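The primary structure of each chain is shown beneath.
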There are 2 protein chains.
Amino acid sequence: MAGKRNGKRTTITLKEVAELSGVHASTVSRALNPATRSMVMPAVVERILKAAKKLGYQPDPVAASLRTGRSSLVGILVPDIANTVFAPILSGATERLDEQGYSVIVSDVGNEQGRQIDLVAKLMARRVDGLILATVSRDDPLVAYCIERNLPAVLVNRAETQSRLSAVVSDDALGMQLAVDHLSELGHKRIAHLAGPTRHSTGFLRRRGFAQAMAANGFDAAAAPCEVADAFTREAGAVAMRRLLDTHRGITAIAAANDLLALGAYDVLHERGLSCPGAISIIGHNDMPLVDMVAPALTTIRISHREMGRQAADLLHQAIEQPDAPARNVVLPPKLIVRKSTAAPPSTK
Amino acid sequence: MAGKRNGKRTTITLKEVAELSGVHASTVSRALNPATRSMVMPAVVERILKAAKKLGYQPDPVAASLRTGRSSLVGILVPDIANTVFAPILSGATERLDEQGYSVIVSDVGNEQGRQIDLVAKLMARRVDGLILATVSRDDPLVAYCIERNLPAVLVNRAETQSRLSAVVSDDALGMQLAVDHLSELGHKRIAHLAGPTRHSTGFLRRRGFAQAMAANGFDAAAAPCEVADAFTREAGAVAMRRLLDTHRGITAIAAANDLLALGAYDVLHERGLSCPGAISIIGHNDMPLVDMVAPALTTIRISHREMGRQAADLLHQAIEQPDAPARNVVLPPKLIVRKSTAAPPSTK
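Glancing now at the overall build of chain A. Counting secondary structure elements, chain A contains 13 helices and twelve strands. The buried share among the 349 residues of chain A stands at 54%. Considering only contacts within chain A whose residues lie at least 6 apart along the sequence, 70% involve residues at least 24 apart. Across chain A, the centroid of the 41 positively charged side chains sits 5 Å from that of the 34 negatively charged ones.

In structure tokens:
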């Protein structure tokens, strides 16, 4: 099949492009690679691009890989492609990596977190130049696995405890501060936290951020009601919300660790005939697509997951080019988006 | 970087696995490849897998590619990864292709449909064994491009007019029949169609399906109000919905060509102070995530996009293994999901 295909192709070489543009083949190579293009004068780049286009030149990444020892392939591990948090991360990262001349192999870890190392081993066998990991837990053996093998890797959305790899994350503490400040300004005194799984940095840091923000608002943080959901899903959010309402009295507001948990809380209020925001105010986290359309429209903390993906791509590119540079974290500021699910508590109306 | 990495790796060869399990290396090769595993006796497969695991053997797809002329790489082109229709297609396809031993390179075409052929040329330069295309228009030069180059390719969600490549699609005519029958049974007589772009098979076939279903219900299909949205987006849906209400009188129900268009119609009803389903009933198409949570919960036609992705993966695997087999279409039946956005028309209440 491949042979048949190759037989039909008339392959234009780098050398032919070099001849037509009157420069050395190595200059053509530099000009055609987005990562090294700036090393060639703009006028020459333009001449080379014109010649390449005229001849219908298509770079051969497999041949280039043999020359350079690099594949220009990058792997991305996501917990679930169809999740509306991870899809835009993947989209932003892919867009930026494409501009930088990489192709992206995507691996959906799904429910089998245990398969992560297997999947990475497979990607290494593909000779990927680096990895973007959206999957890691706070203490993930995968991080050491990549470091031991000198495989450039960066984390996105979720970070690990030791910060051994560069990461792009949202400022989870700031996000929870914005949420609690908003509820406190509305007059709420009995504010509960619907927490996410603490094995992930997002669940852990948002929970800690909630406690800090409660203390900063003059509340007894240790006494604030809190239930931890098993997963960042609507179903797990509903289960934790039932526990929250069954074991604590007088809650007038819920700060949820993400939007899906908040929607699970909506389901429970509906079940029990409680109104939102009449009886209980709810604020989410993420501002995922369509939460402006649910009833009531969800007040939430907006994170640009697409931008996180783009920045992760940039960090990975740097990690590949400068493998000895120290790890660094890019922390993006989230934003409060007020909609209809938060209002003053019932007693003050 | 790559050299440094390789230097640290102790590579286990196929031959060592063969020695430990007492079989020929070619048997090991067949047993380890999911696509050829059935050629080896189960007991032998088990022995080989145990030996491979014990030695920490990792297949080398790059070396295998040189031997077999195949890369075990597959490309998937999607119009927008972050779109909740295409993310589950990608997820289902990736899951199944992973089981079959392929790795998936994902290409997000984004808004630049014109880049499609460039992206495919890049994927071919990566020596992909085949392509899954979720992007094609009804008359897409990309299809001829793949056929001329003998590149195995299948279509998913959107088909092309000539059916030259295998495709997995939803039964769009049946979907519109379910929608129109439901509205007609509720007593609606003035039913309009909020159509999708007819350059895509989904927009075209759902529009034709709407007309057929109207005729089957005894209505004058040619006289039924219809406006075509420029894109399958909420914004384009709102624009077309305004035109629909401005130029036609007495509409009591809308059959939208997808859920995003239906949500755009919600926005316009809200704008104009019209209630749904009190004044106008609305039915969507796709049953994308969260449309059960919007107000009112959207009645729609459910398509399993994840299953479409899985079936596309199977079709592609077959197209790669049997390049001369004729193209075939897999048509999946959609399902009516009744929620709160449809009710009897106002006059009959």
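There's plenty left to go through after this.
Time to look at the interface of chain B and chain A. Each partner contributes residues to the interface: chain B has 59 residues there, and chain A has 60 residues. Carbon and sulfur atoms supply 56% of the area buried between chain B and chain A, which totals about 5100 Å² over both sides. Applying the counting rule to chain B against chain A returns seven salt bridges. One salt bridge in this structure joins Lys122 of chain B and Asp98 of chain A, with 2.9 Å as the shortest N-O distance. Within the residue set of the side of chain B that touches chain A, elements represented by two or more residues are helix H1 (2-8), helix H5 (61-68), helix H6 (86-99), strand S2 (103-108), helix H7 (116-125) and helix H12 (259-271) of chain B. Residue classes in the side of chain B that touches chain A are distributed as 30 nonpolar, ten polar and 19 charged.

Turning our attention to the side chain of Asp140 of chain A. All names here are of chain A. Take Asp140: it is sitting in the loop between strand S3 (130-133) and helix H8 (141-148). Among buried Asp, Glu, Lys and Arg side chains, Asp140 stands out as unpaired, with Arg158 the closest opposite charge at 7.5 Å. Reaching out from Asp140, the side chain makes a polar contact with the side chain of Gln116 at a distance of 3.4 Å. In this structure the side chain of Asp140 is engaged in a polar contact, spanning 2.9 Å, whose partner is the backbone nitrogen of Ser137. Sequence-distant contacts of Asp140, that is, excluding residues within four places in its chain, are made with Gln116, Thr135 and Arg164.

Below, the discussion takes up the sheet that holds strand S6 (residues 191-195) of chain B. All names here are of chain B. In space, the four strands of this open sheet follow the order S7-S6-S8-S9, with parallel pairing throughout. The outermost strands of the open sheet, each flanked by one partner alone, are strand S7 (226-228) and strand S9 (281-283). Across the sheet, the mean angle separating the axes of adjacent strands is 15° when strand polarity is ignored. With four bridges joining them, S6 and strand S8 (residues 253-256) adopt parallel strand pairing.

On to the packing of helix H11 (residues 234-247) of chain B against H12 of chain B, then. Residue and element names in this part refer to chain B. Their axes nearest at 7 Å, the elements H11 and H12 cross at an angle of 55°. Compared by their axis directions, H11 and H12 come out oblique. Between H11 and H12 lies a crossing of right-handed hand. Touching Arg234, Ala236, Gly237, Ala238, Met241, Arg242 and Leu245 of H11 are Leu260, Leu261, Leu263, Gly264, Ala265, Asp267, Val268, Leu269 and Glu271, all from H12.

Residues and elements named next belong to chain A. Along the chain, Ala192 turns up in strand S6 (residues 191-195). A relative accessible area of 0% means that Ala192 is categorised as buried. Residues Ala192 and Leu142, 50 residues apart in the sequence, show an inter-C-alpha distance of 34 Å. Sequence-distant contacts of Ala192, defined by excluding residues within four places in its chain, comprise Phe210, Pro225, Leu244, Ile251, Ala253, Ile254 and Ala255.

Residue and element names in this part refer to chain A. Covered by surrounding structure in S3 are Gly130 and Ile132 together with Leu131 and Leu133, the residues of both alternating faces. Strand direction decides the pairing type here: strand S1 (residues 73-78) and S3, joined by four bridges, are parallel. In the strand pairing of S3, Val74 is matched with Gly130. Judged from the three bridges that link them, S3 and strand S4 (residues 153-156) form a sheet pairing that is parallel. Looking at the pairing, Leu131 lines up with Ala153 of S4. Following the chain from S3 across H8 to the adjacent parallel S4, one finds a crossover that is right-handed.

Here the structure, examined in full by the defined rule, presents 35 salt bridges over all chains. With a closest N to O distance of 3.1 Å, Arg70 of chain B and Glu321 of chain B form a salt bridge. With Arg70 of chain B in the loop between H5 and strand S1 (73-78) and Glu321 of chain B in helix H13 (residues 305-321), this residue pair connects regions lying 251 residues apart in the sequence. Look at the salt bridges and you will find they share partners, linking Glu95, Glu307 and Arg310 of chain A into a network.

The next point concerns the relation of the copies chain B and chain A. For the pair chain B and chain A, the superposition axis carries a translation of 0.0 Å, the fit reaches an RMSD of 0.0 Å, and the rotation angle comes to 180°. Between the two chains, the operation in question is that of a two-fold axis. Mapped onto chain A, 100% of the interface residues of chain B are again interface residues, and the two copies thus contact each other with one and the same surface.

Residues and elements named next belong to chain B. The terminal C-alpha atoms of helix H9 (residues 172-185), which comprises 14 residues, lie 20 Å apart, in line with the 20 Å expected from a rise of 1.5 Å per residue. Among all positions of H9, only Asp172, Gly175, Met176, Ala179, Val180, His182 and Leu183 are buried. Taken around the axis of H9, the buried residues stretch over an arc of 155°, which confines them to a single face. The N-cap residue of H9 is Asp171: its side-chain oxygen and the backbone nitrogen of Ala173 are 3.4 Å apart.

Another aspect to go through is the domain arrangement of chain A. All names here are of chain A. Examined at the domain level, chain A breaks down into domain 1 (2-59), domain 2 (73-170 + 305-333) and domain 3 (172-303 + 336-348). Domain 2 puts 13 residues into the contact, and the matching count from domain 3 is twelve residues. Interface area for domain 2 against domain 3, summed over the two sides, is near 1200 Å², with a carbon-plus-sulfur share of 54%. Along the contact surface separating domain 2 from domain 3 lie zero salt bridges. The interface formed by domain 2 and domain 3 contains six residue pairs in polar contact (both at pLDDT 80 or more). Among the residues forming the side of domain 2 that touches domain 3, the class breakdown is five nonpolar, six polar and two charged.

Okay, the nonpolar core next. Membership of the largest hydrophobic core comes to 62 residues, with the highest contact counts inside it found for Ile282 of chain A together with Ile282 of chain B. If you list the elements that add at least two residues to this core, you get S6, helix H11 (234-247), strand S8 (253-256) and helix H12 (259-271) of chain A together with S6, H11, S8 and H12 of chain B. If we ignore the near neighbours within four places in the chain, the residues touching Ile282 of chain A are Ile254, Ala262, Ala265, Tyr266, Leu269, Cys276, Leu298, Thr299, Ser341 and Thr342 of chain A. Ile76 of chain A together with Leu97, Val156 and Ile320 of chain B belong to the second-largest nonpolar core, a separate cluster that totals 54 residues.

This next bit is on unusual backbone geometry. In this structure, Pro277 of chain B follows Cys276 of chain B across a cis peptide bond, with omega equal to 10°. Look at the link from Ala295 of chain B to Pro296 of chain B: it is a cis peptide, with omega at -10°. Non-glycine residue Ser72 of chain A carries a positive phi angle of around 60°. Relative to the helices and strands, Ser72 of chain A is located in the loop between helix H5 (61-68) and S1. For Ser72 of chain A, a relative accessible area of 26% translates into the label partly exposed. Located in the positive-phi region is Leu290 of chain A, a residue other than glycine, with phi close to 80°. With respect to the helices and strands, the residue Leu290 of chain A is situated in the loop between strand S9 (281-283) and strand S10 (300-302).

Scoring rules and cut-offs
- Residues numbered from 1 in each chain as written.
- Chains lettered and ligands numbered in written order.
- Predicted model: local features only at pLDDT ≥ 70, side-chain atom pairs only at ≥ 80, totals over all residues.
- Heavy atoms only, no water.
- Helix = DSSP H or I, 4+ residues; strand = E, 2+ residues; numbered from the N terminus.
- Buried < 20%, exposed > 50% of the residue type's maximum accessible area, 1.4 Å probe, protein only.
- Contact = heavy atoms within 4.5 Å.
- Lys, Arg positive; Asp, Glu negative; His and termini not counted.
- Charge placed at Lys NZ, Arg CZ, Asp CG, Glu CD.
- Buried area = accessible area lost by both parts, 1.4 Å probe.
- Salt bridge = Lys/Arg side-chain N within 4 Å of Asp/Glu carboxyl O.
- Nonpolar A, V, L, I, M, F, W, Y, C, P; charged D, E, K, R; others polar.
- Polar contact = N/O pair within 3.5 Å; in protein donor to acceptor, adjacent residues only side chain to side chain.
- Pairing = 2+ DSSP bridges.
- Axes fitted to C-alpha atoms, helices over the stretch in contact; angles between N-to-C directions.
- Parallel < 35°, antiparallel > 145°, perpendicular 65-115°, else oblique.
- Left-handed = near helix turned anticlockwise from the far one by under 90°.
- Right-handed = clockwise from strand over helix to strand, strands pointing away.
- Least-squares fit on C-alpha atoms with pLDDT ≥ 70 in both.
- Expected span 1.5 Å × (residues − 1).
- Arc of directions from axis to C-beta.
- Domains from an automatic or database assignment.
- Core = buried A, V, L, I, M, F, W, Y, C linked by side-chain atoms within 4.5 Å.

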